[in-house]
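Per-entry structural report
Residue-level listing of the chains:
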Amino acid sequence: MPWAVSRDERLAKLRQSLAEKGAVQNTLMPGTPAHTGLQQEIDAIWAAIKLLEDSWSLNPKAVLIGLLVIIVIVWRLAT
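Residues numbered from 1 in each chain as written. Predicted model: local features only at pLDDT ≥ 70, side-chain atom pairs only at ≥ 80, totals over all residues. Heavy atoms only, no water.

In this section: the pattern of salt bridges. In the structure shown here, the tally under the stated rule is 4 salt bridges. Salt-bridge contacts for Arg 7 lead to Asp 8; the nearest nitrogen and oxygen are separated by 4.0 Å. Lys 21 is the salt-bridge partner of Glu 41, the closest N and O atoms lying 2.9 Å from each other. With Glu 41 in helix H2 (residues 33-54) and Lys 21 in helix H1 (residues 7-25), the pair connects residues that are 20 residues apart, well separated along the chain. On the accessibility criterion, Lys 21 (24% relative accessible area) is partly exposed. (Salt bridge = Lys/Arg side-chain N within 4 Å of Asp/Glu carboxyl O. Helix = DSSP H or I, 4+ residues; strand = E, 2+ residues; numbered from the N terminus. Buried < 20%, exposed > 50% of the residue type's maximum accessible area, 1.4 Å probe, protein only.)

So this is what it looks like as structure tokens:
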């Protein structure tokens, strides 16, 4: 099991969901409650995509490797 879902995987899933909901929305008549509700969902997905695109993430494995390197350097300096 992976430690964390990558940012790219989350973006791909959100974009897929956006495409699916957009296809359904195109079949609905504007102004109906279903269309309005779906538009709100699409807006929320779009906001989540923008938030993820503007953020950056750290890979947990890279963090551990970095900590190990720091520990080795400190250990070498101490001995």
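Additional details are given in the paragraphs that follow.
Where nonpolar side chains cluster on the molecular surface, the patch consists of Trp 56, Leu 58, Val 63, Leu 64, Leu 67, Leu 68, Ile 70, Ile 71 and Val 74 and spans about 940 Å² of accessible area. Secondary-structure assignment places Val 74 in helix H3 (residues 60-78). (Patch = residues over 30% accessible without salt bridge, like charges linked within 9 Å, V, L, I, M, F, W, Y side chains within 5 Å. Areas by Shrake-Rupley, 256 points an atom, 1.4 Å probe, with all protein chains shown as cover.)

Further remarks concern the nonpolar core. If you look at soluble globular proteins, the nonpolar side chains tend to sit buried side by side. With 7 residues, the main nonpolar core is built from Leu 11, Leu 18, Leu 38, Ile 42, Ile 45, Ile 49 and Leu 52. Counting residues per element, the ones that place at least two in this core are H1 and H2. Setting aside residues up to four positions removed in sequence, Ile 42 forms contacts with Leu 18, Lys 21, Gly 22 and Gln 25. (Core = buried A, V, L, I, M, F, W, Y, C linked by side-chain atoms within 4.5 Å. Contact = heavy atoms within 4.5 Å.)

Turning our attention to the side chain of Gln 25. Tracing the backbone shows Gln 25 in helix H1. We classify Gln 25 as buried; its relative accessible area is 11%. Setting aside anything within four residues of it in sequence, one finds Gln 25 in contact with His 35, Leu 38, Gln 39 and Ile 42.

Spatial relationships are all this shows, so hold off on functional conclusions.
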